[in-house]
Amino acid sequence: MPSMSSTSQTAETSPEERNADACPVVEAIDTIGSKWRLVVLHNLADDEFRFNELKRETGASSRTLSRVLDDLQEAGLVARRVEDDPLATYYSLTERGEALCPLFSDIEDWAEEWLPATDGETA
């Protein structure tokens, strides 16, 4: 049973203060954590892509992909490069985005070990 001082201390501490250690993780997940953001980042980890190539690779609709790329650019994770002749727009990871690549590998390793096998695969 918690002591009175512990209980009163918890009541006086805001949720933000009690969860301060988790805040960077929550912020990171908010930045990269949507399904489409992760799919786009994972694809861009391999190479630079034109919009239509990235659309084909990810299976995202044009509207979704455009919104996701804008969000990732705003977060400083993706760079956009426009070529004039022929007119083409290319997307690639920034240094900040590339810093996520080892995490993707770690998450993939974790998923292979701990998530149930799918599509007829066995663990």
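Residues numbered from 1 in each chain as written. Predicted model: local features only at pLDDT ≥ 70, side-chain atom pairs only at ≥ 80, totals over all residues. Heavy atoms only, no water.

Peer 1: Would you mind showing me how to read the overall build of the chain here?
Peer 2: The number of helices and strands found in the chain is eight helices and three strands. Counting helices and strands in the order they occur from the N terminus, the chain gives α-α-α-α-β-α-α-β-β-α-α. Relative to its 123 residues, the chain shows a buried fraction of 20%. Within the chain, counting contacts between residues at least 6 apart in sequence, those at least 24 apart form 42% of the total. (Helix = DSSP H or I, 4+ residues; strand = E, 2+ residues; numbered from the N terminus. Buried < 20%, exposed > 50% of the residue type's maximum accessible area, 1.4 Å probe, protein only. Contact = heavy atoms within 4.5 Å.)

Peer 1: Sorry if this is basic, but what is going on with the nonpolar core here?
Peer 2: Most often, soluble globular proteins have nonpolar side chains that are buried together. Counting 19 residues, the largest nonpolar core has Val 40, Leu 41, Leu 44, Leu 69 and Val 78 as the members making the most contacts within it. Only α4 (35–44), α5 (51–58), α6 (62–74) and β3 (88–93) provide two or more residues apiece to this core. For this core, the element with the highest residue contribution is α6, accounting for four residues. Residues in contact with Leu 44, not counting those within four places in the same chain, are Phe 49, Leu 54, Val 78, Tyr 91, Ser 92 and Leu 93. (Core = buried A, V, L, I, M, F, W, Y, C linked by side-chain atoms within 4.5 Å.)

Peer 1: What am I meant to see in the packing of aromatic side chains here?
Peer 2: Describing an aromatic ring pair means giving the distance of the ring centres and the angle of the ring planes. Counted according to the given criterion, the structure contains zero aromatic pairs. Here the guanidinium or amino end of Lys 35 rests over the ring plane of Trp 36, the centre of that ring lying 4.7 Å away. If you follow Arg 81 out to its NZ or CZ, it ends over the ring of Tyr 90, 4.4 Å from the centre. (Phe/Tyr/Trp six-rings, centres within 6.5 Å; stacked < 30°, edge-to-face > 60°. Lys NZ or Arg CZ within 6 Å of the ring centre and 35° of its normal.)

Peer 1: When you look at the side chain of Thr 58 in this model, what are you seeing that I'm missing?
Peer 2: Position of Thr 58 among the secondary structure elements: in helix α5. Separated by 2.9 Å, the side chain of Thr 58 and the backbone oxygen of Leu 54 make a polar contact. Not counting the four nearest positions on each side in its chain, Thr 58 is found in contact with Trp 36, Val 39, Val 40 and Asn 43. (Polar contact = N/O pair within 3.5 Å; in protein donor to acceptor, adjacent residues only side chain to side chain.)

Peer 1: Before we go on, may I ask you to explain the side chain of Thr 64 in this structure?
Peer 2: Tracing the chain through its elements places Thr 64 in helix α6. Given a relative accessible area of 17%, Thr 64 falls into the buried group.

Peer 1: What is the right way to read the pairing of β3 from this model?
Peer 2: Every regular strand shows the same layout, with side chains that alternate between the two sheet faces. Two strands pair when backbone bridges link them, and strand β1 (residues 49–50) and β3 are joined in this way by two bridges, in the antiparallel orientation. Bridge pairing in β3 places Arg 50 opposite Tyr 90. In textbook terms, the turn of a hairpin is the stretch between consecutive antiparallel strands, and for strand β2 (residues 78–83) and β3 this stretch comprises four residues. (Pairing = 2+ DSSP bridges.)

Peer 1: Looking at this structure, I do not really get the pattern of salt bridges. What am I missing?
Peer 2: For side chains bearing opposite charge, pairing can occur when the charged atoms are close. Taken as a whole and judged by the stated rule, the model has three salt bridges. As a salt-bridge pair, Asp 71 and Arg 37 come within 3.1 Å of each other at their nearest N and O atoms. Of this pair, Asp 71 sits in helix α6 while Arg 37 sits in helix α4, and the two are 34 residues apart along the sequence. Relative accessible area serves as the criterion here: at 25%, Asp 71 is assigned to the partly exposed category. (Salt bridge = Lys/Arg side-chain N within 4 Å of Asp/Glu carboxyl O.)

Peer 1: Would you take a moment to explain unusual backbone geometry for this structure?
Peer 2: At the junction of Asp 85 and Pro 86, the peptide bond is cis and its omega measures out at -5° in the coordinates. Structurally, Pro 86 can be placed in the loop between β2 and β3.

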